[in-house]
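Next come the chains, spelled out residue by residue.
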Amino acid sequence: MREFLRANESSDDAPALGLIGKLVGDLVAVLAMEITSDAVRIDSLIVARELRRKRIGRFMVEELARLARKIDRDRVVVDSLDAGDFFRKLGFQDLDNGMELKIEN
Ligand SMILES: CC(C)(COP(=O)(O)OP(=O)(O)OC[C@H]1O[C@@H](n2cnc3c(N)ncnc32)[C@H](O)[C@@H]1OP(=O)(O)O)[C@@H](O)C(=O)NCCC(=O)NCCS
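Keep in mind the model is a prediction, meaning the values are calculated, not measured. (Residues numbered from 1 in each chain as written. Predicted model: local features only at pLDDT ≥ 70, side-chain atom pairs only at ≥ 80, totals over all residues. Heavy atoms only, no water.)

Peer 1: Would you take a moment to explain the pairing of strand β3 (residues 40–47) for this structure?
Peer 2: When you tally the buried positions in β3, you get 6 out of 8 residues, the bulk of the element. Judged from the 7 bridges that link them, strand β2 (residues 26–35) and β3 form a sheet pairing that is antiparallel. Within the sheet, the bridge partner assigned to alanine 32 lies in β3 and is serine 44. Where β2 hands over to β3, the hairpin turn is made up of 4 residues, counted between the paired strands. Examined bridge by bridge, β3 and strand β4 (residues 75–78) share 3 bridges and lie parallel to one another. Bridge pairing in β4 places arginine 41 opposite valine 77. (Buried < 20%, exposed > 50% of the residue type's maximum accessible area, 1.4 Å probe, protein only. Helix = DSSP H or I, 4+ residues; strand = E, 2+ residues; numbered from the N terminus. Pairing = 2+ DSSP bridges.)

Peer 1: Is there a simple way to explain the pairing of strand β1 (residues 18–23) in this structure?
Peer 2: Walk down a regular strand and you will see the side chains alternate between the two sheet faces. Bridge count between β1 and β2: 6 bridges; the pairing is antiparallel. Looking across to β2, one finds that isoleucine 20 is bridged to valine 30. If you look at the hairpin formed by β1 and β2, you'll find 2 residues sitting between the two strands, and valine 24 has a positive phi there, around 35 degrees.

This is the structure:
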């Protein structure tokens with residue numbers, strides 16, 4: 001995982017809690033997350049550079065939203081505004097300090 005993150009220009013360490021995306025066995029995405037009292041927070045999401053814009057990022061966030069629903073959290077939040085347009089495309093709304101996706105039951 002460290003090798004993947006380095007190869008994709010991330011200085012992140014392997015997350016303590018997260019989701020990994022594999023495509024025919026190869027690691028293609030890493031999502032680092034935290035569970036808070038009322039939400040699931042995305043700390044970072046990295047998709048392999050050569051595989052961007054193929055809906056992998058969308059799939060990772062949709063899986064996270066499914067997980068959030070299972071653990072009774074009704075929001076996914078993200079602080080990073082680096083990829084605001086990506087998160088907005090997925091239905092996230094701007095807050096004063098980040099973005100959130102409300103999860104419908
Ligand atoms: C941001 C990132 C995770 C997106 O992953 P991806 O797999 O390329 O995104 P997807 O293909 O699932 O895109 C989903 C939608 O968002 C749009 N989108 C993706 N990246 C975008 C960007 N940088 N700007 C605007 N729109 C974007 C896509 O066009 C797509 O729209 P569509 O479904 O209508 O076609 C990826 O580019 C990445 O790893 N970037 C570097 C790290 C980073 O900035 N992470 C986010 C903050 S932690």
